[in-house]
Amino acid sequence: MSLDAKTVAKMARLARVGLSDEQVHTYQKEMQGIIGWVDQLNEVDVTDVPPMIGTGLAQPRLRDDQVTDGNCRDEVLSNAPDREGPFYTVPKVVE
């Protein structure tokens, strides 16, 4: 797979990264190297290699859902810089 300078510049623009023409050329070479490594990996024969893990083999760790209130509202509110009753008081942001 070939990666031209126009594609690298487009990727940089989409990522909101400003690159000079020299940097585009530098990253083009680096990305070509990465793509070359991936192409080499695609040539490896893995037909007889069993998967190490997969969605069919993995079992999720499950636990019972337990609702806990914590029952420590006053302790939590004691950390508030300002409060009004059982509520935090915050500065008005939108007028």
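So, here is what we can say about the structure in this document. In this text, all values refer to a predicted model and were calculated from it rather than measured experimentally.

Calculation notes
Within every chain, residues take consecutive numbers counted from 1 along the sequence as written. Local features in this predicted model are restricted to residues of pLDDT 70 or higher, and side-chain atom pairs are both shown and tallied only at a pLDDT of 80 or more, whereas totals for entire chains, interfaces and linings draw on every residue. Values reported for side chains reflect all heavy atoms of the structure, with hydrogen atoms and water molecules removed beforehand. Under the DSSP-based scheme used, a helix requires at least four consecutive residues in state H or I and a strand at least two consecutive residues in state E, with every element numbered from the N terminus. Any helix carries an expected span of 1.5 Å times its number of residues minus one. Only heavy atoms matter for contacts: two residues are in contact if any of them lie within 4.5 Å across the pair. Relative accessibility thresholds used throughout: buried, under 20% of the residue-type maximum; exposed, over 50%; partly exposed, between the two (1.4 Å probe, protein chains only). Throughout, an axis means a line fitted to C-alpha atoms (over the contacting stretch in the case of helices), and angles, computed between N-to-C directions, take values from 0 to 180 degrees. Put simply, angles under 35 degrees are roughly parallel, angles over 145 are roughly antiparallel, angles from 65 to 115 are roughly perpendicular, and the rest are oblique. In this classification, Asp, Glu, Lys and Arg are treated as charged, Ala, Val, Leu, Ile, Met, Phe, Trp, Tyr, Cys and Pro as nonpolar, and every other residue, Gly included, as polar. What qualifies as a polar contact is a pair of N or O atoms within 3.5 Å, subject to a donor-acceptor requirement within protein and to the restriction that residues adjacent in sequence count only when both atoms come from side chains.

In this model helix α2 (residues 21-42) runs 31 Å from its N-terminal to its C-terminal C-alpha over 22 residues, within 8% of the 32 Å that 1.5 Å per residue would give. On its buried face, α2 sits against α1 (5-14).

This part takes up unusual backbone geometry. Backbone geometry places R16, a non-glycine residue, at a positive phi of 60°. Within the secondary structure, R16 sits in the loop between α1 and α2.

Our focus in this paragraph is the side chain of Q28. Here Q28 shows up in helix α2. By relative accessible area, Q28 is classed as buried at 19%.

This part takes up the packing of α1 against α2. Running from N to C, α1 and α2 point in directions that differ by 100°, and their axes come no closer than 9 Å. As far as their axial angle goes, α2 and α1 are roughly perpendicular. Facing A5, V8, A9 and M11 of α1, the residues of α2 in contact are V24, Y27, Q28 and M31. When grouped by side-chain class, the residues that make up the contact of α1 with α2 number 7 nonpolar, 1 polar and no charged.

Let us now look at the environment of T89. Here T89 lies in the segment after β2 (87-88). Taking the C-alpha atoms as reference points, T89 and T47, 42 residues apart in sequence, are found 63 Å from one another. Not counting residues up to four positions away in its chain, the partners in contact with T89 are D82, R83 and E84. Among the polar contacts listed, one links the side chain of T89 to the backbone nitrogen of E84, at a separation of 3.3 Å.

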